[in-house]
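What the coordinates show
Okay, here's what each chain looks like letter by letter:
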Amino acid sequence: MDAITTDNLTKRFGNLTAVDGLTLSVAPGELFGLVGSDGAGKTTTMRMLTGIMDPTEGSARVMGRHTVREAEPLKEEIGYMSQRFGLYPDLTVLENLHFYADIYGLPRRGRDEKIGLLLSFSNLTPFGKRLAGNLSGGMKQKLGLACALIHTPKVLFLDEPTNGVDPVSRRDFWRILYQLLREGVTVFVATAYLDEADRCNRVGLIHRGKLLACDTPDNLRGLMDGTILEVRTPDPRRAALLLRERLEGESVGIFGDRLHVVTRDAEETGRAIKAIMEGAGVTVQSIRPVEPSLEDVLVSVLSGEATR
Amino acid sequence: MKLQRVAAVARKEFIHVFRDPRSLGMGIAIPMLLLFLFGYALTLDVDRVPLMVWDQSATPESRDFISRFAGSRYFTLAGRVGTYREIEIAIDRRDVLMALVIPTDFARKLRTGAQAPVQLILDGSDSNTATIALGYAEAATSAWSRDVILEQSRRFGPVPAAGIVDVRPRVWFNTDMVSRNYIFPGLIAVIMMVIAALLTSLTVAREWETGTMEQLITTPLRGAELIAGKLIPYFAIGILDLVLSVLVGDFFFDIPLRGSLWLLFAMSLIFLTCALAFGLLISIVTKNQRLASQIAMVTTMLPAFLLSGFIFPIENMPPPIQAVTHIITARYFVTILRDIYLKGVGLGVLAPEAAFLAVFGVVVLALAVKKFRKKVE
């Protein structure tokens, strides 16, 4: 049995279709990433899967439970961390944990051990008596995760958990997620960061409510038509303008201090780039083919979607 | 309903209240402030009416008549004048409320047994006070007249065949007819209504606004458990307010409590349930703190002040408005508190009011549970 299955899951708000015919399944113990930009429909999907929003059409099951008809039993089995910090800022770290332990009906016996474990696991042990509102962004997210894990859920839903979190805390956070995977928890994470999507077992690319692609990160890279040429130059902005104007039919993207040009014929295009840039007096430091990142895939799939 | 979850919500709400000085202040300091403010300032008693006299007669009779006013605790003699102009100025300046003009022929007419008219000029701009002052003046005058008649008949002839009807009033319950004794119990009701509804109107809305509700509704917590847990701390605050109010009434204002203290508390518990559940219902329906507190203000404060019979007697209202007062919960609690405080009545008399409040409370609670949905819109 799959941990999560959705069938034509759709949510409309008036004229706006936030989630449009989403059909996917997530195997038990899988780390699934729902990737898309802001407003793509990630949060709406999360809310429907956790039983706090009814779909307009279609249905979903989590651990075999129907998300509308069996919403309450479903809630015993899942943990959810909303995008906005959902804990009480005027309660301490420990008070928040004990509150959720009571809500989930955790017995007194073994509770302190469980809370101690979660605190040390998330490096929050020294902050037990601190008010949650006074924690840093990263610590808040780790506390949110700890509260969502207090009842040992079978499926964990995380809505952009590392948004606005510093890189060190982000690494901590992912370390915890891998630990959970080893314990057999299914993790469904929504993120706008493509480097995080790369860490997932499988990734669903969502855009304007539609699932564009759903596969392992490696297979998604295979979706790319052609290869990527990485162009290094001291003036990437000017170079990008130039190449977009002169190179016919190729997509040019800026990635930090370098350009990515997607092409079917690497050699031919490479020569053309060199000629164009040198002709305009822009220095070319290097041109070489590289492995496509998920970001390249997303850009390529989205531009394909746009022209279609 | 799982007790563990209700207790968890209650504990967390207590922490919210204790760590937020504003809500603690609103729950305890403001009711006490209102109690003292209204207890001292709001009095409907009219006494020591400032009186001005123009004695044109200047005779032993006129002086005796004036002394009847000056010697009463209802009047104070603010001065003597010799023209209407002076009276007018004094009334304009609000130095006096009333002026007594005794004509030159006052004593002569009395001695011949004729009617002796005197003029009483009143500042009618505050009609309520003027009416009461007029009543005092009439009473003082007729008492003095009666004494004069008795005196004369004793001196000049046989006692008149027909006796004079002599009313001996005997006031029950609020024996001294101090209006504070009447206002204070109503004041407790009004304050409890407003505070209880206002405090709870924020609690659920706040959780929707800050985003903590989205986390909470993904847990197995039931609506009834959340509502029960949220009511408990505010129940405690309400009871604390009630105890403080009764103590303030006893120690500062000498309000006599004739009835049973236990009955008072039992009735208050029923009323608190109504008021708290009503505030919670508003919070659940609006999901917005500002809107909720405004609705709570308008639907509790105004009716509690104006339509509960707290200050304005319901009997004097036009029939359609009287009909409306029947759905104002504060009305019943004002009646209950007054009856327990001043008359000392028992449950036998108060049963209809108590039953109405109990039914209202249960209906509102049931509505609150029904309206609370564990869904994001």
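Residues numbered from 1 in each chain as written. Chains lettered and ligands numbered in written order. Predicted model: local features only at pLDDT ≥ 70, side-chain atom pairs only at ≥ 80, totals over all residues.

What follows concerns the overall build of chain B. Helix and strand counts for chain B stand at 14 helices and four strands. Over its C-alpha trace chain B gives a radius of gyration of 29 Å, far above what one expects of a compact globule, namely 21 Å for 377 residues. With respect to the three principal axes, the spread of C-alpha positions in chain B is 95 × 45 × 40 Å. Among the 377 residues that make up chain B, the fraction classed as buried is 37%. Looking at chain B alone, contacts between residues at least 24 apart form 80% of all its contacts between residues at least 6 apart. (Helix = DSSP H or I, 4+ residues; strand = E, 2+ residues; numbered from the N terminus. Rg over C-alpha atoms; globule rule 2.2 N^0.38 Å. Buried ≥ 20, exposed ≤ 12 C-beta atoms within 10 Å, placed from the backbone. Contact = placed C-beta atoms within 7 Å.)

Residues and elements named next belong to chain A. Sheet architecture is open: six strands sit in the order 6-7-8-3-9-10, paired in mixed fashion. Only two strands of the sheet have a single partner each, and these edge strands are strand 6 (78-81) and strand 10 (210-215). Each strand of the sheet is rotated relative to its neighbour by a mean of 15 degrees, with strand direction disregarded. The pairing of strand 9 (residues 202-207) with strand 10 spans five bridges and is antiparallel. Residue His207 lies in a different strand from strand 10, and its bridge partner there is Lys210. Relative to the sheet, helix 6 (residues 167-182) contacts strand 3 (31-35), strand 7 (155-159) and strand 8 (186-191), its axis offset from that of strand 8 by approximately 150 degrees. (Pairing = 2+ DSSP bridges. Axes fitted to C-alpha atoms, helices over the stretch in contact; angles between N-to-C directions.)

The bulk of non-glycine residues show a negative phi, and the bulk of peptide bonds are trans. All names here are of chain A. Positive phi, close to 55 degrees, is recorded for Asn123, a residue that is not glycine. Along the chain, Asn123 turns up in the loop between helix 4 (111-121) and helix 5 (137-149). Among the residues examined, Asn123 registers 15 C-beta atoms within 10 Å and is labelled partly exposed. One non-glycine residue, Arg208, lies in the positive phi region at around 50 degrees.

Right, let's get into the nonpolar core. The biggest cluster of nonpolar side chains holds 142 residues, and the ones touching the most others in it are Ala146 and Phe188 of chain A together with Met192, Met193, Ala196 and Ala275 of chain B. Counting residues per element, this core draws most heavily on helix 7 (residues 179-210) of chain B, which supplies 20 residues. Setting aside residues no more than four positions away along its own chain, Phe188 of chain A makes contact with Ile4, Val26, Phe32, Leu34, Leu49, Val155 and Phe157 of chain A. The next biggest cluster of nonpolar side chains, apart from the first, holds 21 residues, and it includes Phe69, Phe75, Val96 and Ile102 of chain B. (Core = buried A, V, L, I, M, F, W, Y, C linked by C-beta atoms within 7 Å.)

Right, let's talk about the packing of helix 7 of chain B against helix 9 (residues 223-251) of chain B for a bit. All names here are of chain B. Axis separation between helix 7 and helix 9 bottoms out at 10 Å; the angle between their running directions is 160 degrees. By the criterion of interaxial angle, the relationship of helix 7 to helix 9 is roughly antiparallel. Considering only the axes of helix 7 and helix 9, their crossing is right-handed. Taking contact as the criterion, the partners of Phe184, Ile188, Met192, Ile195, Ala196, Leu199, Thr200 and Thr203 in helix 7 are, on helix 9, Lys230, Tyr234, Ile237, Gly238, Asp241, Leu242, Ser245 and Gly249. In terms of residue class, the contact of helix 7 with helix 9 is made up of nine nonpolar, five polar and two charged. (Parallel < 35°, antiparallel > 145°, perpendicular 65-115°, else oblique. Left-handed = near helix turned anticlockwise from the far one by under 90°. Nonpolar A, V, L, I, M, F, W, Y, C, P; charged D, E, K, R; others polar.)

Our next topic: the interface of chain B and chain A. The extent of an interface is frequently quoted as the accessible surface area lost upon association of the parts. On the side of chain A, 24 residues touch chain B, which itself brings 22 residues to the contact. Of all the secondary-structure elements, those providing two or more residues to the side of chain B that touches chain A are helix 1 (3-19) and helix 8 (212-216) of chain B. Per-element tally for the side of chain B that touches chain A: the top contributor is helix 1 of chain B, with eight residues. Of the residues in the side of chain B that touches chain A, the class split is seven nonpolar, seven polar and eight charged.

A few words on the domain arrangement of chain A. Entries for chain A in the domain assignment read domain 1 (4-221) and domain 2 (227-291). Measuring from the centre of the C-alpha atoms in domain 1 of chain A to the corresponding centre in domain 2 of chain A gives 40 Å. (Domains from an automatic or database assignment.)

Next up on the list: the environment of Thr233 of chain A. Residue and element names in this part refer to chain A. Along the chain, Thr233 falls in the loop between strand 11 (227-232) and helix 9 (236-246). For Thr233, a count of 21 C-beta atoms within 10 Å gives the class buried. Sequence separation between Thr233 and Thr283 is 50 residues, and the spatial gap between their C-alpha atoms is 6.0 Å. Once residues within four sequence positions are removed from consideration, Thr233 is found in contact with Ala239, Met277, Val282, Thr283, Val284 and Gln285.

Considering every residue of chain B, the mean pLDDT works out to 89; 97% of them sit at 70 or more. Quick note on the complex model: pTM equals 0.81, ipTM equals 0.83. (pLDDT = per-residue confidence, 0-100.)

It is worth spelling out the domain arrangement of chain B at this point. Once the domains are mapped, chain B shows domain 1 (3-43 + 178-371) and domain 2 (49-156). With centres defined by C-alpha atoms, the gap from domain 1 of chain B to domain 2 of chain B works out at 49 Å.

Before going further, it helps to examine the pairing of strand 8 of chain A. All names here are of chain A. With six of its six residues buried, strand 8 lies for the most part within the structure. Here strand 8 shows a buried face lined by Thr186, Phe188 and Ala190 and a second buried face lined by Val187, Val189 and Thr191. With five bridges connecting them, strand 3 and strand 8 associate as parallel partners. Across the sheet, the residue bridging to Val35 is Thr191, located in strand 8. In this structure, strand 7 lies alongside strand 8, joined through five bridges in parallel fashion. The residue bridging Phe157 from the neighbouring strand is Phe188, located in strand 8. The parallel pair strand 7 and strand 8 is bridged by helix 6, and the resulting crossover is right-handed. (Right-handed = clockwise from strand over helix to strand, strands pointing away.)

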